[in-house]
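# Commentary on secondary and tertiary structure
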Amino acid sequence: MVTKARILQKTSSWAILNHYLRHENPHGFPYAADLQKGKLVPNPFLPQKQTTPSFNIHPAKNGEWQYHDFATGEHGSCFDLVMRLFRVDFKAALDRINADLHLGL
């Protein structure tokens, strides 16, 4: 069974955010380098590319990495990001992460 805990045993929340923000976005980046804490990046939820990026990732108090969308004020975990990007529920997001990151759970 694929669970949040089992996913986080195999990979990190930062690796999940990095994967989806670098590869699954409407603007056609990937970045040459991995995403960095606090560095603003193009917002994956806006239909047009921004001249001034309004999206970043940061470590939360619980040690997991989260995103913050300054355009909408929304923020959340790597699992929230996948649910929002693909318009799926939590279970489908877990399955998607497992498959996309080849975790073998």
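Residues numbered from 1 in each chain as written. Predicted model: local features only at pLDDT ≥ 70, side-chain atom pairs only at ≥ 80, totals over all residues. Heavy atoms only, no water.

## Considerations on the pattern of salt bridges
Definition in use: Salt bridge criterion: a side-chain nitrogen from Lys or Arg within 4 Å of a carboxyl oxygen from Asp or Glu. A helix here means a DSSP run of H or I that spans at least four residues, while a strand means a run of E at least two residues long, and both kinds are numbered starting from the N terminus. The rule is simple: take the accessible area with a 1.4 Å probe, protein chains only, and divide by the maximum for that residue type; under 20% is buried, over 50% is exposed, in between is partly exposed.
All told, the structure shown has five salt bridges when counted by the stated rule. A salt bridge links Arg84 to Asp69, with the shortest nitrogen-to-oxygen separation between them at 3.2 Å. Highlighted residues: Arg84 in helix H3 (residues 78-86) and Asp69 in strand E2 (residues 65-69), separated in sequence by 15 residues. We classify Arg84 as partly exposed; its relative accessible area is 21%. Residue Arg96 pairs with Asp100 through a salt bridge whose shortest N-O separation is 2.8 Å. Taken together, the residues Arg96 and Asp100, both in helix H4 (residues 90-100) and four residues apart, mark about one turn of the helix. Note on Arg96: relative accessible area 31%, which makes it partly exposed. Note on Asp100: relative accessible area 23%, which makes it partly exposed. Three or more residues joined by partner-sharing salt bridges are found here, namely Asp69, Glu74 and Arg84.

## Observations regarding the packing of aromatic side chains
As a reminder, the rule being used: Note on aromatic pairs: the rings of Phe, Tyr and Trp (six-membered ring only in Trp) are paired at centre separations within 6.5 Å, and the planes decide the class, stacked below 30 degrees, edge-to-face beyond 60, tilted for the rest. Whether a charge sits over a ring comes down to the Lys NZ or Arg CZ being within 6 Å of the ring centre and within 35 degrees of the ring normal.
Within this structure, the stated rule accounts for three aromatic pairs. Lying over the aromatic face of Phe86, Arg96 brings its terminal NZ or CZ to 3.7 Å of the ring centre.

## Side note on H4
Operational definition: By definition, the arc is the one covered by directions from the helix axis to the C-beta atoms.
What H4 keeps buried is the set Ala93, Leu94, Ile97 and Asn98. Angularly, the buried residues of H4 cover 135 degrees about the axis, an arc narrow enough to put them on a single face. Of the residues flanking the end of H4, it is His102, one or two places downstream, whose phi is positive at about 55 degrees.

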